[in-house]
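Now for the letters of each chain:
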2 protein chains.
Amino acid sequence: MRLIDGRTGIEVIEREECLELLRSTDIGRIAVVDAGHPVIFPVNYAMDGDVIVLRTAEGTKLDAALQGGPVAFEIDDADPRSHGAWSVIVTGWARVAVAPAQLERFEQLGLHPWSEHRKDSWVTVHPERVTGRRIVAEGERAAPDTQA
Amino acid sequence: MRLIDGRTGIEVIEREECLELLRSTDIGRIAVVDAGHPVIFPVNYAMDGDVIVLRTAEGTKLDAALQGGPVAFEIDDADPRSHGAWSVIVTGWARVAVAPAQLERFEQLGLHPWSEHRKDSWVTVHPERVTGRRIVAEGERAAPDTQA
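Residues numbered from 1 in each chain as written. Chains lettered and ligands numbered in written order. Predicted model: local features only at pLDDT ≥ 70, side-chain atom pairs only at ≥ 80, totals over all residues. Heavy atoms only, no water.

A few points about unusual backbone geometry
Stated precisely, the cut-off is as follows: Remark: exposure states derive from per-residue accessible area (1.4 Å probe, protein chains only) relative to the maximum for the residue type, with buried under 20%, exposed over 50%, and partly exposed in between.
A positive phi angle, near 50°, is found at Ala35 of chain A, a position not held by glycine. For Ala35 of chain A, a relative accessible area of 73% gives the class exposed.

As structure tokens, then:
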């Protein structure tokens, strides 16, 4: 079932499909609050079940994680021609993973830093809220008289 | 001149090239702080000189903008095969544009909402800090003995 807001043409992506989309790609952006200011970092990531897993070096991301700070995580894709696009936004809490069993499992995720920068810490984002939106491509939108 | 950190393989993109990259694409993500929590929104945008211009409907983005809140704005691109990637991050302040001359100029930017959702407000992000990073594709990295 597609939940579409006829007025805005924006489709709601339900949680399960959001999680599938999170599993289908490996680049996202994480935002944290640093001294009252929002900060964004692009990251590569993997999923461990419903948990987002990142590797990080020391810095703001890790600092925030160590403090168990609130984070937002986003993935998206867009087609500039059709103006079709989707995005998934996760809000939750970051934690540094230290449990040996967990670290052993994370090592199997195939999550390697893209740069040669050492990233020795594993950070997890436990989703509290997972929301998705899809802008249906222009050619695939319902005609006005069928909209809600 | 390319500024490359030999240890991390990460290239610094200087401000002028960051601004060129901002002009070369039209989808980014904006982060604001809402009640102490980071919030990210994917947005389409245009540049008016060095200023990022968005359209928005009422909501958190606009609320933050109306309060002249600090924002972070991010664009990126990545090649999953070569692990080459770049990102540009802008931090600055959001403002709602109301000056008639400015609005008239913005109307010429060709910035249309992708969805059919009405977006009557124009918001600008005045960059305070513009930084860029590029992870050089694996095949193009300097050999270890030539690194700094």
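With respect to the packing of aromatic side chains
Residue and element names in this part refer to chain B. Heads up, the rule is: Pairing of aromatic side chains here covers Phe, Tyr and the six-membered ring of Trp, requires ring centres within 6.5 Å, and sorts the geometry by plane angle: under 30 degrees stacked, over 60 edge-to-face, intermediate tilted. Helix and strand labels come from DSSP, where a helix needs a run of H or I of at least four residues and a strand needs a run of E of at least two; each type is numbered from the N terminus.
As enumerated under the stated definition, the model contains four aromatic pairs over all chains in all. Measuring from centroid to centroid gives 4.9 Å for Tyr45 and Phe73, while their planes differ by 75°, and the two rings are edge-to-face. With Tyr45 in strand 4 (residues 37-48) and Phe73 in strand 6 (residues 70-79), the pair connects residues that are 28 residues apart, well separated along the chain. For the pair Tyr45 and Phe73, a shared accessibility class is recorded, and that class is buried.

Considering the relation of the copies chain B and chain A
To be explicit about the condition: When the copies are superposed, the least-squares fit draws on C-alpha atoms of residues that have pLDDT of at least 70 in both.
Least-squares fitting of chain B to chain A yields an RMSD of 0.0 Å, with the superposition described by an axial translation of 0.0 Å and a rotation of 180°. Such a turn and shift between the copies fits a two-fold axis. Scanning chain B for the C-alpha nearest the rotation axis identifies Pro38 of chain B, at a separation of 3.1 Å.

Looking at the interface of chain B and chain A
Selection criterion: Contact criterion: two residues are considered in contact whenever any of their non-hydrogen atoms come within 4.5 Å of each other. In this description, buried area is defined as the sum, over both parts, of the accessible area (probe of 1.4 Å) that is lost when the two are combined. A pairing counts as a salt bridge when a side-chain nitrogen of Lys or Arg comes within 4 Å of a carboxyl oxygen of Asp or Glu. Any pair of nitrogen or oxygen atoms within 3.5 Å is treated as a polar contact; in protein, a donor-acceptor pairing is required on top of that, and neighbouring residues in sequence qualify only through side-chain atoms on both sides.
With 38 residues of chain B in contact, the opposing surface of chain A contributes 38 residues. Summing both partners gives a buried area of about 3100 Å² for chain B against chain A, and 66% of it is carried by carbon and sulfur. There are four salt bridges connecting chain B and chain A. A salt bridge links Asp76 of chain B to Arg29 of chain A, with the nearest nitrogen and oxygen atoms 2.8 Å apart. For the pair chain B and chain A, the interface holds two residue pairs in polar contact (both at pLDDT 80 or more). Those elements that provide at least two residues to the side of chain B that touches chain A are strand 3 (27-34), strand 4, strand 6 and strand 7 (84-96) of chain B. Tallying contributions element by element places strand 6 of chain B first for the side of chain B that touches chain A, with eight residues.

Considerations on the pairing of strand 7 (residues 84-96) of chain A
Side-chain positions along a regular strand alternate between the two faces of the sheet. All names here are of chain A. What counts here: We treat two strands as partners when DSSP finds at least two bridges between them.
The pairing of strand 6 (residues 70-79) with strand 7 spans 10 bridges and is classified as antiparallel. Bridged to Asp79 within strand 7 is Gly84. Between strand 6 and the antiparallel strand that follows it, strand 7, lie four residues; His83 among them carries a positive phi value of about 60°. Pairing of strand 7 with strand 8 (residues 121-135) involves 12 bridges; the strand directions are antiparallel. Residue Arg95 lies in a different strand from strand 8, and its bridge partner there is Thr124.

Describing the pairing of strand 4 of chain B
All names here are of chain B. Of all 12 residues that make up strand 4, nine are buried, and the element is covered over most of its length. In the sheet, strand 3 pairs with strand 4 via eight bridges, with the strands oriented antiparallel. What sits directly across from Ile27, in strand 4, is Asn44. One ladder, built from four bridges, connects strand 4 with strand 5 (residues 51-56); its direction is antiparallel.

A short note on the side chain of Asp48 of chain A
Residue and element names in this part refer to chain A. By secondary structure assignment, the location of Asp48 is in strand 4 (residues 37-48). Using a relative accessible area of 17% as the deciding quantity, one classes Asp48 as buried. Asp48 has contacts with Val53, Arg105, Phe106 and Leu109, leaving out every residue within four places of it along the chain.

Here's the deal with the pattern of salt bridges
Applying the stated criterion to the full structure yields 16 salt bridges over all chains. Arg105 of chain A serves as the salt-bridge partner of Asp48 of chain A, at 2.7 Å between the closest nitrogen and oxygen. Remark: Arg105 of chain A occurs in helix 3 (residues 100-107) and Asp48 of chain A occurs in strand 4; sequence separation between them is 57 residues. We note a salt bridge from Arg29 of chain B to Glu74 of chain B, for which the minimum N-O separation is 3.1 Å. Of the two residues, Arg29 of chain B is situated in strand 3 and Glu74 of chain B in strand 6; the sequence distance between them amounts to 45 residues. A single burial state applies to Arg29 of chain B and to Glu74 of chain B, both of which are buried.

Shape is all these values report; function is a separate question.
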